[in-house]
Every structure is written in C-alpha cells, then in structure tokens.
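Here is how the chains run, residue by residue.
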Amino acid sequence: RARMLEFLGADEAGDFTAEYITADTPVVAERTPLLPWELPAQLDAGRDICRSLADRDSLIAHLDIEYVNFDFPAEAYLDPLRAFALQEPVEIAVQRVLGHYGIQPLHILSGRGHHFVWRIGRASKVFARLAVAGRATLTHDSLVLRRRDGLDAPSITCAFAGLGLLMEFLARLVIELSSPETVIPVEMTAVEVAPAHRGREMISIDLSEYADPLPMRTIRLPYSGYLKPWQQTYAVGAGNLPRIGPIIFVTLDAADLRHGIAAMREPKLAAALARDSSAFIPDQTNATEHLLHHYLGSDLKKFHDQFHAAHHDDPRRWPETYDHTPLDPLPAGAREALRHPNDLLLRPVSMKHVTNALLDRGWHPRHIAGLIRSKFERDYAWGEEWRDYSPALRADYYTRIFAGERTPVSVEAAEIAEAEHLPPVHWPAPAPAEAVET
C-alpha cells in the first residue's frame, strides 16, 4: 500500500496529485471515478485499482508495450515466459532509446507486457513547448470540457496532445531499432496481423490513450491485482482461469525481468519486492526536452505539420463531400468498414485499411480522418460509445499514426544505434530519386 500511495503522488499531508482512482471488480471494469483517499476501502474489497493519467502537478508520460494474440487471448497468461521473451527486443529498444535521451522511467510489469512511466512538470518549458505542438492538432470539439474535467483546461489538453505526437515519434524509433530482432510483428497499436503457428500474435506499442481525452484514461497501480482475465472470461475462457492464478502489477527497479515475472505471479514474492522498491513516478522533465528537441527537427514532425495544415470538412457539408466517397472501388476491408462502421470501423486494423486505401488514391490524410469522423458522428446505433470520447480526436490520431508509417525515421534511429554502440542495423536502402518524385 505504501508503493500505491507513492504512485498516486501522496504527500505527508495526505493530499494526492492523482485526480481520481478507479476500482474494478473481477466481473467488470467499472471505471467509475473515486477520490484517491477511498483506496484502503477498495483494496479491502479486493478491487483492481487504477489511477487517473490526469495529475494535478505533472503531465504523465506513459508507454505501454504488450503481447497480443487475437486467436488465443489467454496465451500471455498461460505462457508468460514466452510472451515476455518475444517482447525482449522491443523492451531493450525502449530502454536504449530512453537512455539515449537520459530518460529514466519507472518500469512496471503487467500481465501481458511492460509500462514505462515518467513525469513532466507542468510549470516547465517542456510542458509549454508540448502545448504549442499539440494545439495545432486539436479541433474545437477536442477542447470542449467533459465529465471528469476539473483540471482539463486548454493548456493541459494541448500538452497531452503534444505528448501524443512525441510518443508516436518514440514508438517509431523503438520499432525501427527492434524490428530486425523480433520474430513476430510490432505495431503502434493492436492491429490484427496474419496468423502464425500460434495464431495472430503481435507486439503492440499501445498508444491508444493518446487518441482519447486525458481525463478518461487511467493506468493500473503497481502492486494492485490484475483482474483483466476474469473481466474478459468470454475471451480468455473460464477453463483457463484456474491455470492462470493471481497476477500482480510489480515494479522492476529492484529486480531483473525473470524475478519480476515470478513475483508477478506469486503474492509473497510481490510483497517482498514491494518492500525493496519504489513506485514514485520520476520527474524526467529535463531529459524529455532532449527527446522533444530531436522530434521537432525530424521528418515525422514535418509530416505532422502537413497533416494538421488541412482541416475536416464542415459537418454541414458532409452530405456533399464525405458522403459521396465511392466505396465500390476500395479493397474489401476498407469498403466494409465504411459501410458497417459499428463495430468494424472502431477496430484499428479497419482504420488502417481505410487510411492506406485512400492514401493510395491521393487523399490528404486529414480528410481521411474527416471521413472516419463523419461515420463516428452519424447514427449507427453507437449507444454510449461516444458519451465521454471525441470522434474527431480518435479519427485524427489513428489516421495520423497509420499515414505516418510512410514517413521514415531511419536517420534518427541510426543515430541512436551508433551513439549507443549497438550492433549495425541494415536499414532499407533509400528509394531512387525518380521513385520518390513519382
């Protein structure tokens, strides 16, 4: 519990920097916001505890890496050593990239992967520069205050959007450095991939939190129970639950990976690890400035500027613009997602299909996002899907990361590899000038 209080930003006076906590049951992820001082009662009730990503003092940077298997969702829980071994090249790449810029995050193990967390001071120049970078990404809809928005002034909203740009750059560097060593696909979100001998398995650098309003996103507390397999019995299979046993979030600052995996599955080992660990989210404001400086000079930043230079068509014009998009010539995946948005278009792989299909037909990527947004904002029996979320923000984010994959970051990744004295990486040969011009 002492480690949990550290992670919530508790001080000696009993105040917390975390805006709220959530407490989920083994049956459902309720996501009801509670005051942080309710933590003891919720722990006594056996709940799975998360804290808000929103913080009163800091902008919290969070990078989430996890193993995903679309055909066998229990795979990571039943064979954790294999799941974490498959992620090792990605984990090493994260550590090398962050280390190159001097960022020393809190490293947490989850049931399926790794979390890297650090703080950026809200009074810092880095925060201000992130806010400037993020402001251009937001539509008026994205700045409308919502439920849970006690702190959600435009400055933190813009800074969080800028952080999303920066984390996209970080994820691309990690993929460039790790891909030569990985044996299963690595994507910037949970995109369905081709099947292999153990199903459609991949490693997700999960950036999905940056596609939603900051006040709605949370991160699990270190040393909290991890109840996701029980909440997703329909996918994991009730018969697998006894074989999985308890899972506990643990920190890795005082343990190696193998010890951490063992402690994650054994409460006594986890308790012992907690006594020797820290769960303070470290302030890495100055180090983040180095990463931000590199991003601001990158080709990916130029692409982001080009992306946000265009604007979605006004909703009043959609009947004469986006609604007239010819669907029959599109590949099946893109065509069906646009015809049946609920729930096909909610899937990242479908947004990727739509993005690639329309890029190939000469569309500006921001208008691709506008088309996706127009589907999200029409009546397709969404129910409560968009009550606390922004269709425009989500459409922009996923379209941008998929379109941005066509912009190389090999130069920056090669510089990091050389500086860190890594083994040589065989980057793809640059295309001939004629091909680029065409």
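Predicted model only: the values in this text are computed from it and were never measured.

Caption draft 1: View of the overall build of the chain. Assigned secondary structure in the chain consists of 20 helices and nine strands. A globule of 438 residues ought to have a C-alpha radius of gyration of about 22 Å, and the chain, at 21 Å, matches this closely. With respect to the principal axes defined by its C-alpha atoms, the chain has extents near 60 × 50 × 50 Å. Across the 438 residues in the chain, those meeting the buried criterion constitute 57%.

Caption draft 2: Looking closely at the pairing of strand β1 (residues 21-24). Here β1 shows two buried faces, one formed by I21 and A23 and the other by T22 and D24. Bridge analysis of β1 against strand β2 (residues 48-52) gives four bridges, and the strand direction is antiparallel. Following the sheet pairing, A23 is matched in β2 by I49.

Caption draft 3: Fine view of the sheet that holds β1. Taken in spatial order, the three strands of this open sheet run β1-β2-β8, and their pairing is antiparallel. The outermost strands of the open sheet, each flanked by one partner alone, are β1 and β8 (218-220). Between one strand and the next, the sheet's axes are offset by a mean angle of 30°, whatever the strand orientation. Of the pairings in the sheet, the one linking β2 to β8 comprises three bridges and is antiparallel in character. Considered in β8, the bridge of C50 is made with R220.

Caption draft 4: Focus on the packing of aromatic side chains. Applying the stated criterion across every chain, the model contains twelve aromatic pairs. Summarising the aromatic geometry, the rings of W318 and Y322 are spaced 6.4 Å apart at their centres and angled 45° between planes, so their arrangement reads as tilted. Residue W318 shares its accessibility class with Y322, and that shared class is buried. Members of the aromatic cluster, joined through ring pairs, are F376, Y380, W382 and W386. The aromatic ring of F249 is capped on one face by R220, whose charged end is 5.2 Å from the ring centroid. The ring of Y389 has R394 lying over it, and the distance from NZ or CZ to the ring centre is 5.4 Å.

Conventions used here
- Residues numbered from 1 in each chain as written.
- Predicted model: local features only at pLDDT ≥ 70, side-chain atom pairs only at ≥ 80, totals over all residues.
- Heavy atoms only, no water.
- Helix = DSSP H or I, 4+ residues; strand = E, 2+ residues; numbered from the N terminus.
- Rg over C-alpha atoms; globule rule 2.2 N^0.38 Å.
- Buried < 20%, exposed > 50% of the residue type's maximum accessible area, 1.4 Å probe, protein only.
- Pairing = 2+ DSSP bridges.
- Axes fitted to C-alpha atoms, helices over the stretch in contact; angles between N-to-C directions.
- Phe/Tyr/Trp six-rings, centres within 6.5 Å; stacked < 30°, edge-to-face > 60°.
- Lys NZ or Arg CZ within 6 Å of the ring centre and 35° of its normal.

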